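Topology and contacts: notes
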Amino acid sequence: MSTTALSFPHVASRILAGLLGGWWFVWGFVSLGITGLVSLGMPYDEAYKLAMLLAFIVFLVAFCWAFAAASLVRVWTVLAGGGAVMTAAAWWLSKALL
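Heads up: these notes are all about the structure in this document. Everything numeric here is computed off the predicted structure, so don't read it as measured data. (Residues numbered from 1 in each chain as written. Predicted model: local features only at pLDDT ≥ 70, side-chain atom pairs only at ≥ 80, totals over all residues. Heavy atoms only, no water.)

Overview of helix H1 (residues 8–39)
To keep it simple, the criterion reads: Under the DSSP-based scheme used, a helix requires at least four consecutive residues in state H or I and a strand at least two consecutive residues in state E, with every element numbered from the N terminus. One less than the number of residues in a helix, times 1.5 Å, gives the span that helix is expected to have. Note on bend: at a given residue it equals the angle between the axes fitted to the 7 residues ending there and to the 7 starting there.
Its 32 residues place the ends of H1 45 Å apart at the C-alpha level, agreeing with the 46 Å of an ideal helix rising 1.5 Å per residue. Bending of H1 peaks at approximately 30 degrees at the position of Ala-17. Two residues or fewer past H1, Gly-41 is found with a positive phi of approximately 110 degrees.

Shown next as structure tokens:
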């Protein structure tokens, strides 16, 4: 088995993807989860608690996946793009409910 040295920018980008991209993804997950659960009739407090409890697991998985995935571009696309899409969907859903 051969080992290859990774450059500092590559490692730094993985770390930033894990931290910032993971945070953005979880932000979208939580906002969409709360909005979706409230729209289905769950009280806000319970929806908030459930989304926040799941957020720990989602962030852990996103952070670990940022280092395990083969493509750094895919990591940024899924985490940052997915977070943006989920946040936009939550915003749209909240406007549709009003």
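So much for the structure itself; the text now carries on.
Concerning the side chain of Arg-14
To keep it simple, the criterion reads: Burial classes follow relative accessibility: with a 1.4 Å probe on protein chains only, a residue under 20% of its type's maximum area counts as buried, one over 50% as exposed, and anything between as partly exposed. Asp and Glu are treated as the negative residues and Lys and Arg as the positive ones, with His and the ends of the chain left uncounted. The term salt bridge refers to a side-chain nitrogen of Lys or Arg lying within 4 Å of a carboxyl oxygen of Asp or Glu. Polar contacts here mean pairs of N or O atoms no more than 3.5 Å apart (in protein, one a potential hydrogen donor and the other a potential acceptor; neighbouring residues in sequence count only if both atoms are side-chain atoms). Any two residues having at least one pair of non-hydrogen atoms within 4.5 Å are treated as being in contact.
Mapped onto the elements, Arg-14 comes out in helix H1. The buried charged residue Arg-14 lacks any salt bridge partner; its closest oppositely charged side chain belongs to Asp-45, at an N-O distance of 37 Å. A distance of 2.8 Å separates the side chain of Arg-14 from the backbone oxygen of Ala-66, its partner in a polar contact. If we skip the residues at most four places from it in the chain, Arg-14 touches Ala-66, Phe-67, Ala-69, Ala-70, Ser-71, Leu-72 and Val-75.

Section: helix H3 (residues 72–97)
Compared with an ideal rise of 1.5 Å per residue, which puts 26 residues at 38 Å, H3 spans 37 Å between its outermost C-alpha atoms and is within 8% of the ideal. If you follow the buried residues of H3, they end up packed against H1 and helix H2 (44–68).

What to know about the packing of H1 against H3
Test applied: All axes here are fitted lines through C-alpha atoms, helices being fitted over the stretch that makes contact, and every angle between N-to-C directions spans 0 to 180 degrees. Angles are sorted into four bins: roughly parallel if under 35 degrees, roughly antiparallel if over 145, roughly perpendicular if 65 to 115, and oblique for all others. Rotating anticlockwise by less than a right angle from the far helix to the near helix defines a left-handed crossing, while the corresponding clockwise rotation defines a right-handed one. Each residue is assigned to one of three groups, with Ala, Val, Leu, Ile, Met, Phe, Trp, Tyr, Cys and Pro labelled nonpolar, Asp, Glu, Lys and Arg labelled charged, and all others, Gly among them, labelled polar.
It is the contact of H1 with H3, at a shortest axis distance of 8 Å, that shows an interaxial angle of 20 degrees. One element, H1, and the other, H3, form an angle in the roughly parallel class. Note that H1 runs across H3; the crossing there is left-handed. A per-class count over the contact of H1 with H3 returns 19 nonpolar, 13 polar and one charged.

What about the packing of H2 against H3?
Close contact between H2 and H3 brings their axes to 9 Å; oriented N to C, the two are set at 160 degrees. The angle between H2 and H3 places the two elements in the roughly antiparallel class. Judged by the sense of rotation from one axis to the other, the crossing of H2 with H3 is left-handed. Touching Ala-62, Trp-65 and Ala-66 of H2 are Arg-74, Val-75, Val-78 and Leu-79, all from H3. When its residues are assigned to classes, the contact of H2 with H3 shows six nonpolar, no polar and one charged.

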